[in-house]
Amino acid sequence: MAGLLERVKTILGSKANRVLDSVEDPTETIEYSYQKMQDALQETRRHILEVATAKKQLEMQVAALQQKANQYALDAKDAVQAGRDDLATQALSLKATTEQQIQELQTHIQQTQAEQDKLMAAQQKLETQIETFRTQKEVMKAQYSAAKAEVQVGETVHGITQHAEDISGALQRAQDKIAHMQAKASALDELESSPDLTALPESNSDTIRQQLNKASQDSAVQEELAKLKQEMQQSAKPLNAPSDSQGEQ
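Scope of this entry: the structure provided in the associated data block.

Thresholds, definitions, all that
Residues numbered from 1 in each chain as written. Predicted model: local features only at pLDDT ≥ 70, side-chain atom pairs only at ≥ 80, totals over all residues. Heavy atoms only, no water. Patch = residues over 30% accessible without salt bridge, like charges linked within 9 Å, V, L, I, M, F, W, Y side chains within 5 Å. Areas by Shrake-Rupley, 256 points an atom, 1.4 Å probe, with all protein chains shown as cover. Salt bridge = Lys/Arg side-chain N within 4 Å of Asp/Glu carboxyl O. Helix = DSSP H or I, 4+ residues; strand = E, 2+ residues; numbered from the N terminus. Buried < 20%, exposed > 50% of the residue type's maximum accessible area, 1.4 Å probe, protein only. Core = buried A, V, L, I, M, F, W, Y, C linked by side-chain atoms within 4.5 Å. Phe/Tyr/Trp six-rings, centres within 6.5 Å; stacked < 30°, edge-to-face > 60°. Lys NZ or Arg CZ within 6 Å of the ring centre and 35° of its normal. Contact = heavy atoms within 4.5 Å. Expected span 1.5 Å × (residues − 1).

Now for a nonpolar patch on the surface. Taken together, the side chains of L225, L228 and M232 present a nonpolar region at the surface, about 280 Å² in accessible area. Examined against the element boundaries, L225 turns out to sit in helix α4 (residues 204-236). The class of L225 is partly exposed, set by a relative accessible area of 38%.

Moving on, we come to the nonpolar core. I30, Y34, M37, A40, L41, L126, I130 and F133 together form the largest nonpolar core, which totals eight residues. Within the residue set of this core, elements represented by two or more residues are α2 (26-81) and α3 (85-193). The biggest single contributor to this core is α2, with five residues. Formed by six residues, the second largest nonpolar core is a distinct cluster that contains L58, V62, L65 and L105.

The subject of this paragraph is the packing of aromatic side chains. A full pass over the atoms with the stated rule returns one aromatic pair. Ring centres of Y34 and F133 lie 6.1 Å apart, and the angle between their planes is 15°; this geometry places the pair in the stacked category. With a gap of 99 residues between them, Y34 in helix α2 and F133 in helix α3 connect regions that are remote in the sequence. Summarising the burial analysis for this pair, Y34 and F133 share the class buried. The ring of Y34 has K137 lying over it, and the distance from NZ or CZ to the ring centre is 4.8 Å.

Examined against the element boundaries, Q123 turns out to sit in helix α3. Once residues lying within four places of it in the same chain are set aside, the contact partners of Q123 are L41, T44, R45 and I48.

A word on α2. Taking 1.5 Å per residue as the helical rise, α2 with its 56 residues ought to reach 82 Å, and the 83 Å between its terminal C-alpha atoms agrees with that figure. Phi turns positive one or two residues past the end of α2, at G83, with a value near 75°.

Function cannot be read off these values alone, since they describe shape.
Below, the structure written as structure tokens:
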């Protein structure tokens, strides 16, 4: 019985170290161990009943043999009174044999009683152990239930926190995107309302080149104008006008 209890304690100790083991429910092991102890108690009681029954049968045999021994004693006395010493001797011999059988049975009865006493002591001890274990069992089951609930709550809170963080990140990304789109829309509105802003500004090099080109063009125009004037002046002179020397003559 003590060995069984030690095995139960070992099992419970291992389960206490793995109270949240998802493969096996410790409460099932505890209940199974408790049931095995109950079975052991029932087995002990059954053995006690068997031993008590055997002892009772021996006691009944002793009582029957004692009656025979008493009867043999009466027969021997009656035989002596009748002058039959031979019958008296036979009766006393049977009485002696019967008493010997009674002594042997008494020895067996004592042995059976000793065995019954041991079983009764084991039963009492096992009942005490079972009662103690029953209390511990309920405490362990309560502890396991509390630990399991705590883990489940922790997992739920962790899940909620993780979900909240995911939502927060998604909201932040959405807000950033909205702000970007709003800024882009505002910029487009400003560009549409300010046409000058849509034109690309000229660089300094482009401005200088334009001025140089314009100056060159103006110079060519002036040259062309001077040439045209000269040609017109020449065209205005008479083709056959006399010279001064010929007039004097």
